[in-house]
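Overview (structure and organization)
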Amino acid sequence: MSPSETLERELRAAKPAAPAALRERIRTIAAEEPQRETFLQRLSLRRFVLVAAPATVAVALLTAGVIGLTGSPSDDPVVFAEGGGSEGAEPKTLEATREAAPAQDSMEESAVPPAAGAVEPTPGRLQRYDAQLQLQVDGVDELSSATQQAMRITRSLGGTVSSVSYDAPSQGVGSAQLTLRVPVARVQSAIVQLSGLGTILGQRYGIEDLQPAADDLAKQIADAQARIAQLRESLRNDDLTPVQRATLQAQLAETQRRLRDLRAALEGTRAEARLATIQLGLTTEEILPAPAEEDSALDGVVDVLRWEALALLYVLVVAGPFVAVGLLVWFLLRLRRRREEARLLAQT
Amino acid sequence: MTLSAHRAPAQPARSQSFAATAEAHLDDVYGYLVYMTRNPGLAEDLTADTFEKALRTWRHFDARRSSARTWLCQIARTTALDWFRSEERRQRREERAAAPERVDTVFVEGLSPELEAGLVSLSAGEREVIALRVLLELDGDEASRVLGISPTAVSTRLSRALKKLEERVVSHVAV
């Protein structure tokens, strides 16, 4: 047996035993059962991280899903379809076209797929009909040809070309904007023919009902006519004083003037309802097709996730230095504590 | 005889009550603190403090991470170190010139005078590792957990402590 083993044996044999008083003291302490811990006390840092980390990921994914799906472009009232175009052209989305569309808050708007055709005006009612059509043509030559063809189609249907803006540089993207006025009765035919000039990128239709306004004008005209008849009847009375006669004549003149205005307004409304306005846009630019609804939803989810990742990265970048300093301080304090402990334990 | 031959029996599981755990490991904790402080009276107080702390943190004890004995020894060590710190501050505050109180009384009954003297001449850190590895028969991993150092460092520290103790005992016998 080595000296060390002898020492160890002797040390074990003389192992200090707790005195009876201490044993009783510890029993008293141990008799107090630990208090029932609250939820927060049970929630140690490790447990908190174990719960919070998956919960955060779940919330992030759920948020991305909800925002991505509910914010998908499928709710957009404007339908764009059938993209594609010449090679080499810079692809872009149709946002610009969408934004360029005039506001038609008071109008009954409708967006239909190109295959479904345009919205038809209601026969027998006065309506203001507006249509916007965005077409893509293959090149500058086709752009010129399509522009001329659109003007021909308009005239052949009894319509007029209100304005034409044509921009076709030798290189780059060419475009043309036409404002066409076509009889409402032939607007369907016009849209069908115009749609054949290129690939439909987007279309928008708006109908505003003018019938109530026309009916109101007609009623005012009838009232004015009745008033005029009444005034003329009054003027036939020979007992009128000069002053009374002059007053009635003035009223008659005013009512007649108002009747003319009302008739002009009614005629204007009817004229407006007779002709539909078609905004035709032609472009040679390749425009990417709008993604399918499912793809859009997924893209929305991915976009939100991307933003969440960026936010997380931002937080890490901002908090990173503080965390690093905190870790350094913690490490230095730990080192200092260890040295202090070593010093204390080095004493006899 | 090797240390591994003196391994302690399997530690009680977390399902054991605190009272039973305290009863099972009271001697270990007390012995460890006696060796650290060389003062049985002080060791009693520190033992009581240790079990009070242990009772308060009993809900955090995880038997899968360490045995109850290791956990209690960790608390005992922290308690002893806190006392060493406060005692040092107290001495420094009260009288800087005064020499620290020496504890020369017999702190372990049943030891030969040579071995007792040898232990007294060791540092608290040396006695601590002897207490853990020899007296309490903790294995290297358990002792390293209590001391916060690697198992290799524990072995080295124990080896040096025993060698030093052996030398002191031999020299004391020679005198």
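Just so you know, these numbers come straight off a predicted model, no measurement behind them.

1. Examining the overall build of chain A
- Regarding its fold elements, chain A presents 10 helices and 7 strands.
- Burial statistics for chain A: of 348 residues in total, 20% are counted as buried.
- For chain A, the share of sequence-separated contacts (at least 6 apart) that also reach a separation of at least 24 residues comes to 85%.

2. What to know about the overall build of chain B
- If you tally the helices and strands in chain B, you get 7 helices and 0 strands.
- In sequence order, the secondary structure elements of chain B are arranged as α-α-α-α-α-α-α.
- Residues classed as buried in chain B amount to 38% of the 175 residues present.

3. Quick word on the pairing of strand β7 (residues 275-283) of chain A
Residues and elements named next belong to chain A.
- Among the 9 residues in β7, 7 count as buried, and that is most of the element.
- Pairing of strand β3 (residues 127-136) with β7, which is carried by 7 bridges, proceeds in the parallel orientation. Note on β7: the bridge partner recorded for Leu-133 is Leu-280.
- The pairing of strand β5 (residues 175-183) with β7 spans 9 bridges and is classified as antiparallel.

4. Let's talk about the confidence of the model for chain A
- Counting all residues, the mean pLDDT for chain A is 79, and 78% of those residues have values of 70 or more.
- Here residues 73-116 of chain A is a poorly scored stretch, pLDDT under 50, and it has 79 contacts once near neighbours within four places are set aside; other chains count.

5. Overview of the nonpolar core
- Of all hydrophobic cores here, the largest spans 51 residues; its most connected members are Tyr32(B), Leu33(B), Ala76(B), Ile130(B) and Leu132(B).
- Among the elements that take part in this core, helix α1 (residues 18-37) of chain B stands out by supplying 10 residues, more than any other.
- Beyond its immediate stretch of four places on either side in the chain, Ile130(B) contacts Leu11(A), Tyr35(B), Leu135(B), Leu158(B), Ala161(B) and Leu162(B).
- In terms of nonpolar packing, the next biggest core, distinct from the first, is built from 30 residues, Val184(A), Val187(A), Ile191(A) and Leu280(A) among them.

6. Description of the interface of chain A and chain B
- Of the residues lining the interface, 35 residues belong to chain A; the matching set on chain B comes to 41 residues.
- Secondary structure elements with two or more residues in the side of chain A that touches chain B: α1 (3-13), α2 (20-31) and α10 (293-346) of chain A.
- For the side of chain A that touches chain B, the leading source of residues is α1(A), giving 10 residues.
- Of the residues that constitute the side of chain A that touches chain B, the class distribution is 20 nonpolar, 4 polar and 11 charged.

7. Observations regarding the packing of α1(A) against helix α5 (residues 124-135) of chain B
- Running from amino to carboxyl end, α1(A) crosses α5(B) at an angle of 85°, the nearest separation of the two axes being 10 Å. In terms of axis orientation, α1(A) runs roughly perpendicular to α5(B). The residues of α5(B) that touch α1(A), namely those facing Glu8(A), Leu11(A) and Arg12(A), are Ile130(B), Val134(B) and Leu135(B).
- Looking at side-chain class alone, the contact of α1(A) with α5(B) contains 4 nonpolar, no polar and 2 charged residues.

8. A few points about the environment of Glu114(B)
- Structurally, Glu114(B) is set in helix α4 (residues 113-121).
- Separated by 54 residues in sequence, Glu114(B) and Arg168(B) have C-alpha atoms that sit 7.9 Å apart.

9. Overview of helix α2 (residues 40-56) of chain B
- The terminal C-alpha atoms of α2(B), which comprises 17 residues, lie 24 Å apart, in line with the 24 Å expected from a rise of 1.5 Å per residue.
- Listed in full, the buried residues belonging to α2(B) are Pro40(B), Ala43(B), Leu46(B), Thr47(B), Thr50(B), Phe51(B), Ala54(B) and Leu55(B).
- The inward-facing, buried residues of α2(B) contact α2 of chain A together with α1 and α3 (68-94) of chain B.

Analysis parameters
- Residues numbered from 1 in each chain as written.
- Chains lettered and ligands numbered in written order.
- Predicted model: local features only at pLDDT ≥ 70, side-chain atom pairs only at ≥ 80, totals over all residues.
- Helix = DSSP H or I, 4+ residues; strand = E, 2+ residues; numbered from the N terminus.
- Buried ≥ 20, exposed ≤ 12 C-beta atoms within 10 Å, placed from the backbone.
- Contact = placed C-beta atoms within 7 Å.
- Pairing = 2+ DSSP bridges.
- pLDDT = per-residue confidence, 0-100.
- Core = buried A, V, L, I, M, F, W, Y, C linked by C-beta atoms within 7 Å.
- Nonpolar A, V, L, I, M, F, W, Y, C, P; charged D, E, K, R; others polar.
- Axes fitted to C-alpha atoms, helices over the stretch in contact; angles between N-to-C directions.
- Parallel < 35°, antiparallel > 145°, perpendicular 65-115°, else oblique.
- Expected span 1.5 Å × (residues − 1).

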